[in-house]
Every structure is written in C-alpha cells, then in structure tokens.
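Fold and contact review
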Amino acid sequence: MDEKQLKAEYRKWRQQETPDLWSRIESNLKEHPDRDKEQEEMQKIRSFQPGRRIFQTSAVAAAAVAAMVAVKMSVPDSIGDKSAWMGTKTETIAQITGGEEAAVMEAGELDTWMEEGGNEDSGVVDEGQLMLAACHPMAVPEDAVTIPADDQYFSEAVLKDAQLVCRGTVTDVSLEEDSSGKAVKVVYKVSLDQVDYAEDYVAGMDEITVKSPIVKTDGDEVYILYQLQIGGTYLLPLLQQEGGWELLYPFAPQIQVTGEGDYLFHSGYATLMNDETLVVTGTPQGSNDVYYDRMVLRKDDNFLSEFLSLVEVEQGGQNEEK
C-alpha cells in the first residue's frame, strides 16, 4: 500500500467515526415563536466564514460554529476590539457551512446558558472550567521582528515534518534578540515529561529549549499570540532547526494537556474528532485570533495513540523512502 492509499484509508476510517457536534448544542435549545421566521431570514446566508481558515470537514464546521456561543462573554478592554466581534444583542449562535439550518437563541437565554458554563451533557464546556495554567501574556516590543498570524494555512499534513513529539511542561518564557537588540524569537524552556516520537535518539534529555517566530496579536496592546504558558503542559510536535527545536506550526494553539489529563486542541485536527469530543468556548486573544471558537476537548484515553497514529500516517511516505 503506497502513501496515498494509506492516507486515504486512514481518513476514510476516521471520517466514518466523525461526530455531529452541533446536535449536542441544538438539543439544548428551546423553541421560540419567532424561530421559523428568523431561520428563514438566515437561510439567505449561504456560508459561515469566521476568519480566513476554512476547514472542509462537516464536523469541523459544526464544532467551529457551535463554539460561537462564546460571543456574549466579556473581552478585556486591552485586547482586541470588542465591537468587532460582539453585538449589543446576540440572536444567532451559528450558521453551519454550506447553508444548513441555523440555530437561533435569544440573548437572555444565551446569557443564562453561558453563566452556567455549559455542561458536558450538552457537549459544551467553558475554558474557565478547565484546569489550565494561568495566562500571563508577554508583550511584544515595538521593534520586534514578527510574522503575520495568517502566514501559513493549517493542515494535518504539517505533521510530516515533525522530528520530535514530546509532552513537556513550560518552565520559562523569554525573547531572543539579534545583534541589533531586536526581539526575533520566543524562547521556551520545556521540562520533558515524555518523548513519544523521535527521529534521533534523545534519551537522557530532561529539558529542551524550544523556539518560535514571534506571532503577535492585533489590538490596542500587542502580545504574543498563542503563547505557551509557564506551568502549562503541552503535547508538542517539533522541528529541528539550526541545532535547536522549533514549534512545528506556531500559527495556532498547541495541544494542551489539562490538569486532569485531558487534551485541549483545535478543530483543524479533523481526524482526531470523535463521539466524545467536547466543544470548548473561550475568549479571543486578539482580533486576529481565528482559533478561539475552534477549540475542542477530548477526555478519553485514546487521544495520544490516535495523534501518534496520525503522525505516522502523515510521515508514511517519508518513512517508506528511508
């Protein structure tokens, strides 16, 4: 079986198990007298495009739009422009890609539902309910050398370049400067908890240094977008560059391991979505944060093995050539 056949069979198998995450939200919505009229008006909208990245799997679209219930949560005044993403009255939760039926909720009901933080029975949890490291965003200096957040599009195929997959806890975050004093890289010190995949033998390493280009938020104050947090534990696919390690894809949140051992990741990893996947509502880090409403959570014990299988599939062609 060649590389293309291997990938096709794997994706076919995963897509057969893809859950309908939207049904978990819709089942918790109450009927309203004006709903039919509002839905009729919403049918005029033929597609839902929250940001520039568009994922083609129906379950991914469902996860993305379902998480739009987060629009009534408060946003710090210092980050982003609230008026750009939150209306004075929120009537519509989502419009599923492709013109499928929209779900409508009145603002008052949405407020109540979000104050309760959602619930796992409905398939939705709020990020604040998760055991995550405290967020301390690092400011980006004005003269820093940065890369746009939309510099690259995400695809699971990026995993073909992973040379190390490890689970580790961040112990320090700093900025690396060039000879002129300009910040050019984000530098993370990561204490290794487990090495799951390595092209080169790395036994004996207790700590590694991981670097990343500086991707900044857009807003009144500029911070590092998708920064790894001190005390946070992550599952990191890494690439070796100039003798050191770099994040394989710094333009999206890294896979984070919660204090309860669950996995928080973005829905771009379409083949990792299963029937137990929960939608996670959150707050945008900046106006260019297109992943805040694409975060999902898996609490089952199979995520790690399935992620490593995905890495193996994406690297199938390369491994066969070696």
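Describing the layout of surface pockets
- Of the voids in this model, the largest pocket is the one considered here, and its volume is about 780 Å³.
- Considering the residues around the largest pocket, the lining is formed by 31 residues, among which Glu127, Cys135, Gln229, Thr283 and Gln285 are closest to the centre.

A look at the packing of aromatic side chains
- Summed over all chains, the structure comprises eight aromatic pairs.
- Ring geometry for Phe154 and Tyr269: centres 5.0 Å apart, planes at 75°, overall edge-to-face. With a gap of 115 residues between them, Phe154 in the loop between strand S4 (124-126) and strand S5 (164-177) and Tyr269 in the loop between strand S11 (263-266) and strand S12 (278-281) connect regions that are remote in the sequence. No difference in accessibility class separates Phe154 from Tyr269, as the two residues are buried.

Comments concerning a negative patch on the surface
- Taken together, the side chains of Glu142, Asp143, Glu177 and Asp178 define an acidic patch exposed on the protein surface.
- Relative to the assigned elements, Asp178 resides in the loop between S5 and strand S6 (183-198).
- For Asp178, a relative accessible area of 31% puts it in the partly exposed group.

Considering the nonpolar core
- Ranked by size, the top nonpolar core spans 29 residues in total, and within it Leu235, Ile255, Phe265, Tyr269, Phe303 and Phe307 carry the most contacts.
- Sorting the residues of this core by element identifies strand S10 (255-257), S11 and helix H7 (303-314) as the ones contributing at least two each.
- The element that contributes the greatest number of residues to this core is H7, accounting for five residues.

A look at the confidence of the model for the protein
- Summing up the model confidence of the protein, the mean pLDDT is 74 and the portion of residues at 70 or higher is 60%.
- Within the model, pLDDT remains below 50 along residues 32-115, and this stretch shows 168 contacts once partners closer than five positions in the same chain are excluded.

Considering the pairing of S6
- As judged from the 13 bridges shared by S5 and S6, these two strands associate in the antiparallel manner. Note that in S6 the partner of Cys166 across the bridge is Val195.
- Adjacent in sequence and paired antiparallel, S5 and S6 are bridged by five residues, among which Gly181 carries a positive phi angle near 95°.
- Bridge count for S6 against strand S7 (residues 207-212) is six bridges, and the pairing is antiparallel. Bridge pairing in S7 places Val187 opposite Lys211.

Comments concerning empty space enclosed by the protein
- Scanning the model with the defined rule gives three cavities of 30 Å³ or more in all.
- If you add up the space inside the second largest cavity, you get close to 90 Å³.
- As for the second largest cavity, its lining consists of Phe154, Val158, Pro237, Leu248, Tyr249, Ala252, Pro253, Gln254, Ile255, His266 and Tyr269.

Describing the side chain of Thr217
- Structurally, Thr217 is set in the loop between S7 and strand S8 (233-241).
- If we skip the residues at most four places from it in the chain, Thr217 touches Val222, Tyr223, Ile224, Leu225, Gln285, Gly286 and Asn288.

Procedures and definitions
- Residues numbered from 1 in each chain as written.
- Predicted model: local features only at pLDDT ≥ 70, side-chain atom pairs only at ≥ 80, totals over all residues.
- Heavy atoms only, no water.
- 1 Å grid on protein atoms, 1.4 Å probe; cavity = no way out; pocket = protein on both sides within 12 Å on 5 of 7 lines; lining within 4 Å.
- Points joined across faces, edges and corners; volume = space filled by probe spheres on them.
- Phe/Tyr/Trp six-rings, centres within 6.5 Å; stacked < 30°, edge-to-face > 60°.
- Helix = DSSP H or I, 4+ residues; strand = E, 2+ residues; numbered from the N terminus.
- Buried < 20%, exposed > 50% of the residue type's maximum accessible area, 1.4 Å probe, protein only.
- Patch = residues over 30% accessible without salt bridge, like charges linked within 9 Å, V, L, I, M, F, W, Y side chains within 5 Å.
- Areas by Shrake-Rupley, 256 points an atom, 1.4 Å probe, with all protein chains shown as cover.
- Salt bridge = Lys/Arg side-chain N within 4 Å of Asp/Glu carboxyl O.
- Lys, Arg positive; Asp, Glu negative; His and termini not counted.
- Charge placed at Lys NZ, Arg CZ, Asp CG, Glu CD.
- Core = buried A, V, L, I, M, F, W, Y, C linked by side-chain atoms within 4.5 Å.
- pLDDT = per-residue confidence, 0-100.
- Contact = heavy atoms within 4.5 Å.
- Pairing = 2+ DSSP bridges.

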